[in-house]
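Letter by letter, the chains look like this.
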Amino acid sequence: MRLFSGKITPLTEEIVRALVDNRDIECTSKKEVALDIESVFTSYLQADREATERAKEILQARGLPQGEFNRVKRLAAEQKGIKVGDETMDYLLDQLLEMLMHSNNVEEVFVEDHDLRRRVRPILRKYLEMDEALENEVRGKLRHVQEGSRTWEIEYQRVMGEIQRRKGLL
C-alpha cells in the first residue's frame, strides 16, 4: 500500500466530506479540517521518503542485495516512528483520529473511534491501493523484458514514472 502525493488533496476532501455529511464531526471550516488532514498525510510521506533514503544508504553501505530493501526500510521506518507496508492503513487511521480529537478546527466529534475508522477506512483504502493497479499496468507493459535483469530495473522505473505523471500521482 502506498500513498501518492498527487492524491492527497482529493483524498482529504473526500474524507472531510464523508465525516461532515454523515454528521460524524462538526466544524466551522471544512477547508481548515482538510488542511489538518493533509498535514497528517504530508508528514507521513516525508517520513516515508526519509526511511526509503535511509534504507538505500544502508543497502549500499553494507553491500546488501536489493531483496533486503523492504526489511531494511521497515527498520528505518520504525526508527522514524512510522509504519510501512501492510501496517500503513492502521497507522494512518490512528494518526487521523488523533488529529481529529486534538484539532482546533474540529469543534465536536459525535461518534466513537471505531465508527470513524469504519467511515474513513474504505476511502483511504481506495487511494492506498492505487499502487497495485499501477504495478499491474507497469508489469503488463514490460512483459517482453526479463524480470530481475538490469534492463527490467531501468525500464520499470521509467514506465512507472511515466504512468504516475500521466495519472497525476506525482
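Higher on the page you've got the structure.
Here the structure is a predicted model, which means the values were calculated and not measured.

> Account for the environment of R23, naming residues and giving values.
Mapped onto the fold, R23 is located in the loop between α1 (8-21) and β1 (25-27). Spatially, the C-alpha atoms of R23 and D113 are 14 Å apart, while their sequence positions differ by 90 residues.

> Account for the nonpolar core, with residues named and values stated.
Counting 39 residues, the largest nonpolar core has I15, I25 and F41 as the members making the most contacts within it. Secondary-structure elements contributing two or more residues to this core are α1, β1, α2 (30-62), α3 (69-80), α4 (88-102), β2 (106-109) and α5 (113-128). Examining the composition of this core, we find that nine residues originate from one element, α2, more than from any other. Membership of the second largest hydrophobic core comes to 11 residues, among which are L134, V159, I163 and L169.

> Describe in detail the pattern of salt bridges, supporting the description with residues and values.
Counted according to the given criterion, the structure contains 17 salt bridges. The salt bridge involving K126 is made with E14; its shortest N-O contact spans 2.9 Å. In this pair, K126 sits in helix α5 while E14 sits in helix α1, placing the two residues 112 residues apart along the sequence. Notably, a salt bridge pairs R166 with E137, separated by 2.8 Å at the nearest N-O pair. Residue R166 is found in helix α7 (residues 150-166), and its partner E137 is found in helix α6 (residues 130-141); the two are separated by 29 residues along the sequence. Via salt bridges that share partners, E137, R166 and K167 belong to a single interconnected network.

> Could you give an account of the packing of α2 against α3, with specific residues and numbers?
Packing of α2 against α3 leaves a shortest axis separation of 8 Å and a crossing angle of 130°. Compared by their axis directions, α2 and α3 come out oblique. Crossing hand, α2 versus α3: right-handed. Facing A47, D48, E50, A51, T52, R54, A55, K56, I58 and L59 of α2, the residues of α3 in contact are F69, V72, K73, A76, A77 and K80.

> Go over the side chain of T52, please, and point to the residues and values.
Considering the arrangement of structural elements, one finds T52 in helix α2. Taking the relative accessible area as the measure of exposure, T52 reaches 16% and is therefore buried. For T52, the contacting residues outside a window of four places in its chain are F69 and K73.

> For the packing of aromatic side chains, give the residues involved together with the corresponding values.
Counted under the stated rule, the structure contains one aromatic pair. Note on Y44 and Y91: the rings are 5.8 Å apart at their centroids and 40° apart in plane angle, and the pair reads as tilted. On the criterion of sequence distance, the pair formed by Y44 in helix α2 and Y91 in helix α4 is long-range, its members being 47 residues apart. Each member of the pair Y44 and Y91 is classed as buried.

Calculation rules
Residues numbered from 1 in each chain as written. Predicted model: local features only at pLDDT ≥ 70, side-chain atom pairs only at ≥ 80, totals over all residues. Heavy atoms only, no water. Helix = DSSP H or I, 4+ residues; strand = E, 2+ residues; numbered from the N terminus. Core = buried A, V, L, I, M, F, W, Y, C linked by side-chain atoms within 4.5 Å. Buried < 20%, exposed > 50% of the residue type's maximum accessible area, 1.4 Å probe, protein only. Salt bridge = Lys/Arg side-chain N within 4 Å of Asp/Glu carboxyl O. Axes fitted to C-alpha atoms, helices over the stretch in contact; angles between N-to-C directions. Parallel < 35°, antiparallel > 145°, perpendicular 65-115°, else oblique. Left-handed = near helix turned anticlockwise from the far one by under 90°. Contact = heavy atoms within 4.5 Å. Phe/Tyr/Trp six-rings, centres within 6.5 Å; stacked < 30°, edge-to-face > 60°.

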